Amino acid sequence: MEFLHRHIEALIFCSPGPLGLGEIQKCLTEMFEAEVPMEHIEQAIQELGEKYQQDDFSFALEHLGGGYQFLTKPAYQTSIGILLKQQSQKRLSTAQLETLSIIAYKQPITKGEVEQIRGVNSDYSIQKLLEKELIEIKGKSENIGRPLIYGTSGKFMEYFGINTIQELPQPKDFSQPENQIGEEKE
């Protein structure tokens, strides 16, 4: 069984993004030329997860974006932050964040609907989000002119560390208690 652990570990390690159970099973089945039971894969992943939770490792096996990926533990966030800063990875602009949040919460949505909500042209923001692969074209609308319909991508899930759109914070999570004057009555 240990050999299975090492193969799964190698597959997850070399994958550029989260690797799903189905993809792992497909690779292992082709490699061993025999069906590898999903229970064995799940058990191996669980054991790998427990192994990498130990303090001996600076990274852990995380389940996100519909798959598994090795990520650095929070204790090393400062070191990684310095590296990323030095590599000057571009962040999302305010306009891109606004556009992305509208698409995430209202998807599927057309560019025209995004612009109606934002009140400004969103061509540039949508183009940049497509380039960063945070959104993708989901099809064409049946409305006049058949505009493109946009939605979030798998990379969006990975970027924000979630597995499903339902994990996004809801507006009620942001509501502030009303300011009150005086003491609260029971």
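Note: the structure precedes this text.
Residues numbered from 1 in each chain as written. Predicted model: local features only at pLDDT ≥ 70, side-chain atom pairs only at ≥ 80, totals over all residues. Heavy atoms only, no water.

### Here's the deal with the overall build of the protein
Along its length, the protein carries 9 helices and 5 strands. Mapped from its N terminus to its C terminus, the protein presents α and β elements in the order α-α-α-β-β-α-α-β-α-α-β-β-α-α. Across the 186 residues in the protein, those meeting the buried criterion constitute 31%. Surface summary for the protein: the accessible area is close to 13100 Å², and the carbon and sulfur share equals 52%. (Helix = DSSP H or I, 4+ residues; strand = E, 2+ residues; numbered from the N terminus. Buried < 20%, exposed > 50% of the residue type's maximum accessible area, 1.4 Å probe, protein only. Areas by Shrake-Rupley, 256 points an atom, 1.4 Å probe, with all protein chains shown as cover.)

### Brief notes about the sheet that holds strand 5 (residues 148-152)
The strand order 3-5-4 describes an open sheet built from 3 strands, whose pairing is antiparallel. Every interior strand has two partners, whereas the edge strands, strand 3 (109-110) and strand 4 (135-140), have only one. Two strands pair when backbone bridges link them, and strand 4 and strand 5 are joined in this way by 5 bridges, in the antiparallel orientation. Pairing of Ile135 across the sheet is with Thr152, part of strand 5. Contacts from helix 7 (residues 123-131) reach strand 4 and strand 5 within the one sheet, and its direction differs from that of strand 4 by about 110°. (Pairing = 2+ DSSP bridges. Contact = heavy atoms within 4.5 Å. Axes fitted to C-alpha atoms, helices over the stretch in contact; angles between N-to-C directions.)

### Quick notes on the packing of helix 1 (residues 2-14) against helix 2 (residues 21-32)
Running from amino to carboxyl end, helix 1 crosses helix 2 at an angle of 125°, the nearest separation of the two axes being 11 Å. It follows that helix 1 is oblique to helix 2 by the angle criterion. Here the hand of the crossing between helix 1 and helix 2 comes out right-handed. Two secondary-structure elements touch here, helix 1 through Phe3, Leu4, His7, Ile8, Leu11 and Ile12 and helix 2 through Ile24, Cys27, Leu28, Met31 and Phe32. Among the residues forming the contact of helix 1 with helix 2, the class breakdown is 10 nonpolar, 1 polar and no charged. (Parallel < 35°, antiparallel > 145°, perpendicular 65-115°, else oblique. Left-handed = near helix turned anticlockwise from the far one by under 90°. Nonpolar A, V, L, I, M, F, W, Y, C, P; charged D, E, K, R; others polar.)

### Some words on a nonpolar patch on the surface
A grouping of Tyr76, Ile80 and Leu84 is seen on the molecular surface, where their side chains present a nonpolar patch of about 220 Å² in accessible area. Relative to the helices and strands, Leu84 is located in helix 4 (residues 77-86). (Patch = residues over 30% accessible without salt bridge, like charges linked within 9 Å, V, L, I, M, F, W, Y side chains within 5 Å. Salt bridge = Lys/Arg side-chain N within 4 Å of Asp/Glu carboxyl O.)

### Examining the environment of Gln53
Mapped onto the elements of the fold, Gln53 is located in the loop between helix 3 (38-52) and strand 1 (59-64). When the C-alpha atoms of Gln53 and Lys73 are compared, they prove to be 8.9 Å apart, with 20 residues separating the residues in sequence.

### Here's the deal with unusual backbone geometry
A cis amide bond, omega -5°, links Gln107 with the succeeding residue Pro108. You can see Pro108 is positioned in the loop between helix 5 (94-106) and strand 3. Look at Glu133: it is not a glycine, yet its phi comes out positive at around 60°. Take Glu133: it is sitting in the loop between helix 7 and strand 4. Judged by relative accessible area, which is 48%, Glu133 ranks as partly exposed.

### Comments concerning the packing of helix 5 against helix 6 (residues 111-118)
Helix-helix packing is characterised by the crossing angle of the two axes and by the distance between the axes. Interaxial distance between helix 5 and helix 6 falls to 10 Å at its minimum, and their mutual angle equals 120°. For the pair helix 5 and helix 6, the sense of crossing is right-handed. Of the residues in helix 6, those touching helix 5 at Ala95, Glu98, Thr99, Ile102, Ile103 and Lys106 are Val114, Ile117 and Arg118. Across the contact of helix 5 with helix 6, the residue classes tally to 5 nonpolar, 1 polar and 3 charged.

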